[in-house]
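# Structural description and commentary
Listed below are the residues making up each chain.
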Amino acid sequence: MKRRIQCAILLISVAAIQLGDAGAEDKVTDSATEPLSHLVESVERLRSKKISQAYFWLLSPQVPNSTIFFPDTRGGAFILIARIMKLPKGAEAETALTEIRETWPKSDLPILDAKNNRLLYYSDEAWNHLEETLRPWVTGDETVKGLAAAKQWEIDETDLIIRIPTRGSSEFYSVLMRAWNTEKDDFRCFAGWN
C-alpha cells in the first residue's frame with residue numbers, strides 16, 4: 001500500500017504542476033479543471049486503449065483521490081474506488097496522516113479512523129451512499145482479476161469496482177454525480193493519465 005500512497009502523492013504533485021497550481025491553492029480550483037464532459041471524453045479515450053496498463057486517476061475537488069479508471073482493452077471500462085488507504089503492516093494511522101498532511105492539499109486528506117488504526121477516503125455515511133447509488137453497475141473483483149492494470153493496485157475486498165456501461169452512459173454519469181453528492185453543472189475534474 002505504500003506504493004499506492006506514493007503514487008497518489010506523485011500524481012497529485014504532477015497534476016498540480018501541470019495545472020499551474022503547485023501548492024498555491026488548497027484544492028484543485030475551478031479555473032484549473034474541466035467540466036463533466038472532460039471525464040466523459042477521457043472515458044471514451046480509455047475505451048480505445050488496447051493495453052491494460054492504460055489508466056487515469058480522477059482528480060477533483062468533489063471526489064477523494066482514490067478513484068482509478070481503467071480499460072478492459074475490448075472497448076469497455078471500469079472504475080476502481082478504494083475506501084481504505086492501506087498502510088504498511090504495523091504502521092500507525094495517525095503518524096501516516098501527519099506525514100500526508102505535509103504534501104497533500106487539505107481538501108484531499110483522508111479521514112482518520114483511530115479505532116481501527118486506518119485511514120479512509122470516505123466516511124461510513126458517504127461510502128454507504130456511494131455503494132447504494134451505484135449498485136446496478138457494481139461488479140466483482142473476479143471480473144477484472146485478469147487485467148494487468150487491476151493487478152497493480154492489489155484490489156481489496158472493500159474496494160468498489162464499477163463497470164461503465166457502453167449504453168445508457170448519460171444516465172450512468174448522472175447517477176455517478178449523485179453518488180458523489182454533486183451535480184453535472186458543479187462537477188469539476190482533471191484526468192491524470194499514466
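One structure accompanies this document, and this report is about it. (Residues numbered from 1 in each chain as written. Predicted model: local features only at pLDDT ≥ 70, side-chain atom pairs only at ≥ 80, totals over all residues. Heavy atoms only, no water.)

## Remarks on the pairing of strand 3 (residues 77-81)
Of all five residues making up strand 3, five are buried, and the element is well covered by its neighbours. Of the two faces of strand 3, the one holding Ala77, Ile79 and Ile81 and the one holding Phe78 and Leu80 are both buried throughout. Pairing of strand 2 (residues 67-71) with strand 3, which is carried by five bridges, proceeds in the antiparallel orientation. Paired with Pro71 across the strands is Ala77, a residue of strand 3. The turn linking strand 2 back onto strand 3 is made up of five residues, and Thr73 within it adopts a positive phi angle of 70°. Two elements, strand 3 and strand 8 (residues 160-164), share five bridges in a ladder whose sense is antiparallel. Within strand 8, the residue paired with Ala77 across the bridge is Ile164. (Buried < 20%, exposed > 50% of the residue type's maximum accessible area, 1.4 Å probe, protein only. Helix = DSSP H or I, 4+ residues; strand = E, 2+ residues; numbered from the N terminus. Pairing = 2+ DSSP bridges.)

## A look at the sheet that holds strand 6 (residues 118-120)
Read from one edge to the other, the open sheet built from three strands follows the order 4-6-5, with strand pairing classed as antiparallel. Two strands lie at the open edges of the sheet, namely strand 4 (84-85) and strand 5 (111-113), each paired on one side alone. Here three bridges tie strand 5 to strand 6, and the two strands are oriented antiparallel to one another. In the strand pairing of strand 6, Ile111 is matched with Leu120. Each of strand 4, strand 5 and strand 6 touches helix 3 (residues 93-101); the most contacted strand, strand 6, lies at about 50° to it. (Contact = heavy atoms within 4.5 Å. Axes fitted to C-alpha atoms, helices over the stretch in contact; angles between N-to-C directions.)

## Some thoughts on the pattern of salt bridges
Per the stated rule, a full pass over the model turns up five salt bridges. With a closest N to O distance of 3.9 Å, Arg74 and Asp72 form a salt bridge. Between Arg83 and Asp124 there is a salt bridge whose closest N-O contact spans 2.3 Å. Of the two residues, Arg83 sits in the loop between strand 3 and strand 4 while Asp124 sits in helix 4 (residues 124-134), which places them 41 residues apart along the sequence. Residue class for Asp124 comes out partly exposed when judged on its relative accessible area of 49%. (Salt bridge = Lys/Arg side-chain N within 4 Å of Asp/Glu carboxyl O.)

## Observations regarding the side chain of Ser42
Tracing the chain through its elements places Ser42 in helix 2 (residues 36-47). Its relative accessible area of 3% is what places Ser42 among the buried residues. Not counting residues within four places of it along the chain, the set of residues in contact with Ser42 comprises Phe56, Ala191 and Trp193.

## A word on the pairing of strand 1 (residues 56-59)
Side-chain alternation along strand 1 places Phe56 and Leu58 on one buried face and Trp57 and Leu59 on a second face that is also buried. Summarising the sheet, strand 1 and strand 2 pair through two bridges and their orientation is antiparallel. By the bridge assignment for strand 2, Phe56 is matched with Phe69. Across four bridges, strand 1 lies against strand 9 (residues 190-193) in antiparallel orientation. Bridge pairing links Phe56 to Trp193 in strand 9.

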